[in-house]
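Topology and contacts: notes
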Amino acid sequence: MTDHIQEARRILAVNDRGGYTVPTDRLYPFQWNWDSAFVAMGFALYDVDRAYRELERLAEGQWADGMIPHIVFHQPSDTYFPGPSVWRTKHGIPTSGITQPPVFAIALRQVHDAAGEGARERTLALYLAALKWHRWWYAARDPEGTGLVALLHPWESGSDNSPAWDAAMARVPTTTTTPVVRKDIGHVHADMRPRDEDYRRFIHLVDTYADCGWNPAEQWARAPFKVAEIQTTAILLKAGEDLEHLARLLGRTEEAEEIAAFNALSRKAILGQWRPALSRFVSRDLVSGADIEAATQAGFLPLLALDLEAAMASAAVAEMRRWSAGLKVAFPTTKPGLAAYEPKRYWRGPAWGIINWLLIEGLRRNGEGAFAEELRGSTLSAIEREGFAEYFDPETGEGCGGLGFSWTAAAYLWLKRGGR
Ligand code: DGY
């Protein structure tokens, strides 16, 4: 075992708060949804009981309508804003009121595979939670049955202040009823974080939806930000494939058919978002009706969930190579050279271990193993040089954001063993 593997495991142990893992101390002091799914896959490599616990604790936050929130506030902490009093949600355990990318079922399949048949009951309970969440996605976030699910808040994307949201966010007012008292810039340099104006808009959205009592139909009607998003839909589709696999394994044939229908719908819808002139996929702004052409990593995430024709896959990979040319760490979350590109600022350029993880899976699925290996090597050596930072400046390779980061540790463990 190398020191880096030991260090990754140490970080996951240090960030443990009782069966769940905080992303990092102080900056993110609660349980975050997609962070925990990646962490569970990391644990699945050496402690399958702990892997199940991570998902079980996340499922404690699931709402009666099926939504699994982006944050579960298991214990109080005063190092984070916005805390439970801002969200005004009604679930037993305090939670946020929005969701995050549905990596959960992808993780559950991996955890189940690591555990084997003996863990059927434990898998079944989590499978049912995942199924309820997938149904929620299609009912609450695609009420018109288009196959693309929509986000009502940029934080739901996980790619919080990506340039992909700039045009849609510009329409969101900066007024808030909740005073904005940022804590994040007390932990991390302000140049690496969203700007104050972004935060006012983030909180305007939270205030608006809290005023709807978090009722999905009312939120849908009143949402000033509504984006049918390809990264999230691609993750939902990959998770849907894994969920369908689990349904069949568990003998739940009718549910497997229901999930297969969701998957078929999303597969077709994502394919319809391919833009040959851009060599990538695009999201749609449901308020303006326009394509979102901002050049971000999301445009390539569909590789994770689709088996593309060879010509399409190689066009996408050629474009990915152009974005990566000359960088110390690929893959950039915004195309270098654009006005919106900022190599150190949260989601506006930096490379992230977990995004690379998903892209690597997608590249392999589409027969692009060589570029997948390059990305894997680039990710592992960035971590080995700089440590387990939240993300990396693609030009200098510098580790940025929060340090001792759980999902970077999980990504290291996963990629080090070669991936799937
Ligand atoms: C944040 O950055 O605090 C948001 O909660 C993102 O999840």
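Each chain carries its own residue numbering, running from 1 in the written order of its sequence. Only residues with pLDDT of 70 or above have their local features reported here, since the model is predicted, and side-chain atom pairs are shown and tallied only from 80 upward, although totals for entire chains, interfaces and linings are computed over all residues. The side-chain quantities take in all heavy atoms of the structure and omit both hydrogens and water.

In the vicinity of the ligand, the contacting residues are Tyr28, Trp32, His70, Tyr80, Gln100, Trp155, Asp160, Arg193 and Tyr346. Each polar contact in these results corresponds to two N or O atoms within 3.5 Å; when the atoms are within protein, one needs to be able to donate a hydrogen and the other to accept it, and residues that are neighboring in sequence are counted only if both atoms are side-chain atoms. In the model, an oxygen atom of the ligand is placed 3.0 Å from a nitrogen or oxygen of the His70 side chain. Between the ligand and Asp160 there is a distance of 3.3 Å, counted from an oxygen atom to a side-chain nitrogen or oxygen. In isolation the ligand exposes 230 Å². Once the protein is present, 97% of that is buried. Judged by the proximity of its atoms to the pocket grid, the ligand belongs to the largest cavity. One heavy atom within 4 Å of a molecule or strand makes the whole residue count as near it. Shrake-Rupley sampling with a 1.4 Å probe provides the accessible areas, and residues are treated as covered by the protein chains on show and by no other component. Buriedness of a pocket was judged along seven lines, with at least five required to meet protein on both sides within 12 Å; pockets are open sets of points on a 1 Å grid over the protein atoms alone, cavities are sets where a 1.4 Å probe fits but cannot get out, and lining residues have an atom within 4 Å of a point. If over half the atoms of a molecule are within 2 Å of the grid points of a cavity or pocket, the molecule is regarded as sitting in it.

What follows deals with the environment of Trp137. The residue Trp137 is located in helix H6 (residues 120–140) in this model. With 38 residues separating them in the primary sequence, Trp137 and Thr99 have C-alpha atoms 9.6 Å apart. Leave out the neighbours within four places in its chain, and Trp137 touches Thr99, Gln100, Pro102, Asp142, Val149, Ala150, Leu151, Thr232 and Leu236. Only runs of H or I of at least four residues qualify as helices and only runs of E of at least two qualify as strands under DSSP, and these elements are numbered from the N terminus. Contact definition: two residues touch when any of their heavy atoms are within 4.5 Å.

Quick look at empty space enclosed by the protein now. Grid points are joined across faces, edges and corners, and a volume is the space filled by probe spheres set on the points. Following the criterion strictly, the structure yields five cavities of 30 Å³ or more and no others. Approximately 180 Å³ is the volume attributed to the largest cavity. In terms of lining residues, the largest cavity is bounded by 19 residues, among which Tyr28, Trp32, Gln100, Asp160 and Tyr346 are the most central. Residues are grouped as follows: Ala, Val, Leu, Ile, Met, Phe, Trp, Tyr, Cys and Pro are nonpolar; Asp, Glu, Lys and Arg are charged; all remaining types, including Gly, are polar. Here the lining of the largest cavity is composed, by residue class, of 12 nonpolar, three polar and four charged.

Moving on: the sheet that holds strand S4 (residues 227–228). Pairing is antiparallel across the open sheet formed by four strands, whose spatial order is S3-S4-S7-S8. Strand pairing shows two members of the sheet lacking a second neighbour, strand S3 (150–151) and strand S8 (291–292), which therefore form its edges. Here strand S7 (residues 283–285) pairs with S8 via two bridges, running antiparallel. The residue of S8 that forms the bridge with Arg284 is Asp291. For two strands to pair, DSSP has to find at least two bridges joining them.

For helix H3 (residues 48–59), built from 12 residues, the straight-helix expectation of 16 Å at 1.5 Å per residue is met to within 8% by its first-to-last C-alpha distance of 17 Å. At its buried positions, H3 is contacted by strand S1 (31–32), helix H2 (33–43), strand S2 (71–72), helix H5 (104–115) and H6. One fewer than the residue count of a helix, multiplied by 1.5 Å, yields its expected span.

Here a ring pair, both rings aromatic, is described through the centre-centre distance and the interplanar angle of the planes. Any Phe, Tyr or Trp ring, taking Trp's six-membered ring, that has another such ring centre within 6.5 Å forms a pair; planes under 30 degrees apart are called stacked, those over 60 apart edge-to-face, and the others tilted. Overall, the coordinates contain 36 aromatic pairs when judged by the stated rule. With a centroid separation of 6.1 Å and 75 degrees between ring planes, the pair formed by Trp165 and Phe225 is classed as edge-to-face. Placement of the pair is Trp165 in the loop between S3 and helix H7 (166–170) and Phe225 in the loop between helix H9 (216–222) and S4, with a sequence separation of 60 residues. Each member of the pair, Trp165 as well as Phe225, carries the same accessibility label: buried. The rule is short: NZ of Lys or CZ of Arg within 6 Å of the ring centre and within 35 degrees of the ring normal puts a charge over the ring. We note Arg9 situated over the ring of Tyr46; from NZ or CZ to the ring centre the distance is 4.0 Å. Throughout this description, buried means an accessible area under 20% of the type-specific maximum (1.4 Å probe, protein chains only), exposed means over 50%, and partly exposed covers the range between.

So, on to the packing of H2 against H5. The interhelical angle for the contact between H2 and H5, taken along N-to-C directions, is 15 degrees, at an axis separation of 9 Å. Comparing their axes, H5 and H2 come out roughly parallel. When you trace H2 past H5, the crossing you get is left-handed. Together, Ala37, Ala40 and Met41 of H2 and Phe104, Ile106, Ala107, Gln110 and Val111 of H5 make up the contact between the two elements. Its residues assigned to classes, the contact of H2 with H5 shows seven nonpolar, one polar and no charged. Throughout, an axis means a line fitted to C-alpha atoms (over the contacting stretch in the case of helices), and angles, computed between N-to-C directions, take values from 0 to 180 degrees. Note on angle classes: values under 35 degrees are labelled roughly parallel, values over 145 roughly antiparallel, values of 65 to 115 roughly perpendicular, and the remainder oblique. Put simply, a crossing is left-handed when the front helix is turned counterclockwise from the back one by less than a right angle, and right-handed when it is turned clockwise.

Its location among the elements puts Ser378 in helix H14 (residues 369–386). If sequence neighbours within four positions are ignored, Ser378 has contacts with Lys328, Val329 and Ala330.

Turning our attention to the pattern of salt bridges. Every case where a carboxyl oxygen of Asp or Glu lies within 4 Å of a side-chain nitrogen of Lys or Arg is listed as a salt bridge. Overall, the coordinates contain 37 salt bridges when judged by the stated rule. With a shortest N-O distance of 2.7 Å, Asp184 and Arg182 are connected by a salt bridge. This pair shows no difference in class: Asp184 is buried, exactly as Arg182 is. The shortest N-O distance in the salt bridge between Arg193 and Asp184 comes to 2.7 Å.

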